[in-house]
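Here are the chains, one letter per residue:
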Amino acid sequence: MSTQVIAWPTQAIQAAVAPSLPGFAVEVLSEIDSTNTELMRRARAGRMAPVLLLAEQQTAGRGRLGRDWQSQRGESLTFSLGLPLAPADWSGLSLAVGISVAESLHPDIRLKWPNDLWLSDARGERKLAGILIETASFGELRYAVIGVGLNITSRDGAGLATPPGGLQELLPGVDAPQALARVAAPLVQAVQAFEALGFAPFQARFNARDVLRDREVSVSDGQGGETRGSAHGVSETGALLVHTKAGMQPITSSEVSVRPLH
């Protein structure tokens, strides 16, 4: 593992974001269990100022449905954005986050409902990044923690249903600080736009990158139930639209698992 000091663009990000998000700070930790977990700990202790917390290495990173997210120093970018948030409707927030990150990085990055960024080309399909959003209410205030895990380099995919891909496949030579500089300020702007306007303005942007669109998919509820159909993009509230034998079904639960069949 590299011990070289990593130069993170903390001041530039803070300067870009603070005018629209007063009190915003950027913090970098060399190692922690999970940036999402840490920000929730802070929120429970009453520390809810807006912050982007980055860890060079996570020892207990988490993905969706309780899955582990591996994070190694220099090989990935892992951070969480924590801030009080009050949208009229929370539906589609993870999709809006994915859109922002993908658009900031490369036009060839695809989105897999509800919270993954994929590479999809002649070499096959690889998972590039994952998003984990957690919220908690404290009195009348609701605090949101938006976690992003992005592979910078490719790594071994043994045992994984979808092998990992790395951003360097699209942007040779890019490193984690450069990736953070691309995504951080636009992400805050996207979250603020979502808070004000909901998911509807993001709908077409998601559908333009939707890796599942017009493909046969299997939808699992995690309890042995499975539904098959063809995916037809997302609705204006971020629901995945799947045409099944029973007609068009909007899939809204983040607890289900959706995988392409071809």
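Relevant structure appears above.
What this report covers is the structure whose coordinates are included nearby. Because the structure is predicted, anything quoted here is derived from the model rather than measured. (Residues numbered from 1 in each chain as written. Predicted model: local features only at pLDDT ≥ 70, side-chain atom pairs only at ≥ 80, totals over all residues. Heavy atoms only, no water.)

## With respect to the sheet that holds strand β6 (residues 124-138)
Point 1. Reading across from one edge, β1-β2-β3-β7-β6-β5-β4 is the order of the seven strands in this open sheet, with mixed pairing throughout. Looking along the sheet, the strands with just one partner apiece sit at the ends: β1 (25-29) and β4 (110-112). Along the sheet, successive strands turn relative to each other by an average axial angle of 20 degrees, direction set aside.
Point 2. As judged from the five bridges shared by β1 and strand β2 (residues 51-55), these two strands associate in the parallel manner. Residue E27 lies in a different strand from β2, and its bridge partner there is L53. (Pairing = 2+ DSSP bridges. Helix = DSSP H or I, 4+ residues; strand = E, 2+ residues; numbered from the N terminus. Axes fitted to C-alpha atoms, helices over the stretch in contact; angles between N-to-C directions.)

## Digging into the pattern of salt bridges
Point 1. Applying the stated criterion to the full structure yields 13 salt bridges.
Point 2. Between E38 and R41 there is a salt bridge, with the nearest N and O atoms lying 2.9 Å from each other. Linking E38 with R41, this pair stays in helix α2 (residues 35-44), spanning three residues, or about one helical turn.
Point 3. Look at E38 and you get buried, because its relative accessible area is 15%.
Point 4. Note that R228 and E226 form a salt bridge whose closest N and O atoms lie 3.7 Å from each other.
Point 5. Among the residues examined, R228 registers a relative accessible area of 49% and is labelled partly exposed.
Point 6. Using a relative accessible area of 45% as the deciding quantity, one classes E226 as partly exposed.
Point 7. A cluster of three or more residues bridged by salt bridges with shared partners is formed by E27, D33, E38, R41 and R42. (Salt bridge = Lys/Arg side-chain N within 4 Å of Asp/Glu carboxyl O. Buried < 20%, exposed > 50% of the residue type's maximum accessible area, 1.4 Å probe, protein only.)

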